[in-house]
Amino acid sequence: MNPESLQLLLTREMPYGKYKGRKIADLPGHYLGWFAREGFPSGELGALVALMYELDHNDLRQLLDPLRAPSARPRPR
């Protein structure tokens, strides 16, 4: 994992499917889990979805918070 990959999670959008247009960092865990079971796409997209799956699965989504634009940061619960 490199810092550029983390930044790409916040800028790349899902190009197809139910969550088309949603940033990869904002894909729900169940969708990432589906990819983990069924197979990740090839290429850069697959690598990013797999990385996001690992962050989600290991409860590390908060690592992306400092990289988000201030207006895009999730509100504390």
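Further up the page is the structure itself.
Per chain, residue numbering runs from 1 following the sequence as it is written. Residue-level local features of this predicted model are given only where pLDDT is at least 70; pairs of side-chain atoms are given and counted only at 80 or more, and the full residue set underlies all totals for whole chains, interfaces and linings. Computation of side-chain values covers all heavy atoms of the structure but excludes hydrogens and water.

Once that is clear, we can look at helix 3 (residues 43–57). Secondary structure counts use DSSP, requiring at least four H or I residues in a row for a helix and at least two E residues in a row for a strand, with both numbered from the N terminus. Multiplying one less than the number of residues by 1.5 Å gives the expected span of a helix. When the terminal C-alpha atoms of helix 3 are compared, their 21 Å separation across 15 residues agrees well with the 21 Å that a helix rising 1.5 Å per residue should span. Those residues of helix 3 that sit buried are L45, G46, L48, V49, L51, M52, Y53 and L55. Buried-residue contacts for helix 3 involve helix 1 (3–11) and helix 2 (29–38). Of the residues trailing helix 3, D59 is marked for its positive phi of about 55 degrees. When a residue's accessible area, from a 1.4 Å probe over protein chains only, is under 20% of the maximum for its type it is buried; when over 50% it is exposed; and in between it is partly exposed. In this description, contact between two residues means that some pair of their heavy atoms is separated by no more than 4.5 Å.

Note on ring pairs: Phe, Tyr and Trp rings are taken, using the six-membered ring of Trp, and paired if centres are within 6.5 Å. Classes follow the plane angle, with under 30 degrees stacked, over 60 edge-to-face and the rest tilted. Inspection of the entire model under this criterion finds 5 aromatic pairs. For the pair Y31 and W34, a centre-to-centre distance of 6.4 Å together with 10 degrees between the ring planes defines the contact as stacked. Placement of the pair is Y31 and W34 together in helix 2, with a separation of 3 residues, close to one helical turn. Under the relative-accessibility criterion, Y31 is labelled buried at 12%. Ring centres of W34 and F35 lie 5.1 Å apart, and the angle between their planes is 75 degrees; this geometry places the pair in the edge-to-face category. Each residue in the set Y19, Y31, W34 and F35 is aromatic and connected to the rest through ring pairs, giving one cluster.

A few words now on the pattern of salt bridges. Only one rule defines a salt bridge in this text: a Lys or Arg side-chain nitrogen within 4 Å of an Asp or Glu carboxyl oxygen. Enumeration over the complete set of coordinates arrives at 5 salt bridges. Of the charged contacts, one joins E44 and R12 as a salt bridge, the two residues approaching to 3.1 Å between their closest N and O atoms. Of this pair, E44 sits in helix 3 while R12 is found in the loop between helix 1 and helix 2, placing the two residues 32 residues apart along the sequence. With a closest N to O distance of 2.7 Å, D56 and R61 form a salt bridge. For D56, a relative accessible area of 24% gives the class partly exposed. R61 gets classed as partly exposed once you look at its relative accessible area, which sits at 26%. Each of D26, D65 and R68 takes part in salt bridges that share partners, so that together they form one network.

For the rest of this paragraph, the subject is the nonpolar core. Only buried residues count toward a nonpolar core. Its members are Ala, Val, Leu, Ile, Met, Phe, Trp, Tyr and Cys residues joined through side-chain atoms within 4.5 Å. Membership of the largest hydrophobic core comes to 19 residues, with the highest contact counts inside it found for L9, I24, L27, M52, L55 and L64. For this core, the elements supplying multiple residues, two or more each, are helix 1, helix 2 and helix 3. In terms of residue count, helix 3 provides more of this core than any other element does, 7 residues in total. With residues near it in sequence (within four places) discarded, L27 still touches M14, Y19, R22, L32 and R61.

All quantities given are derived from atomic positions and should not be read as evidence of function.
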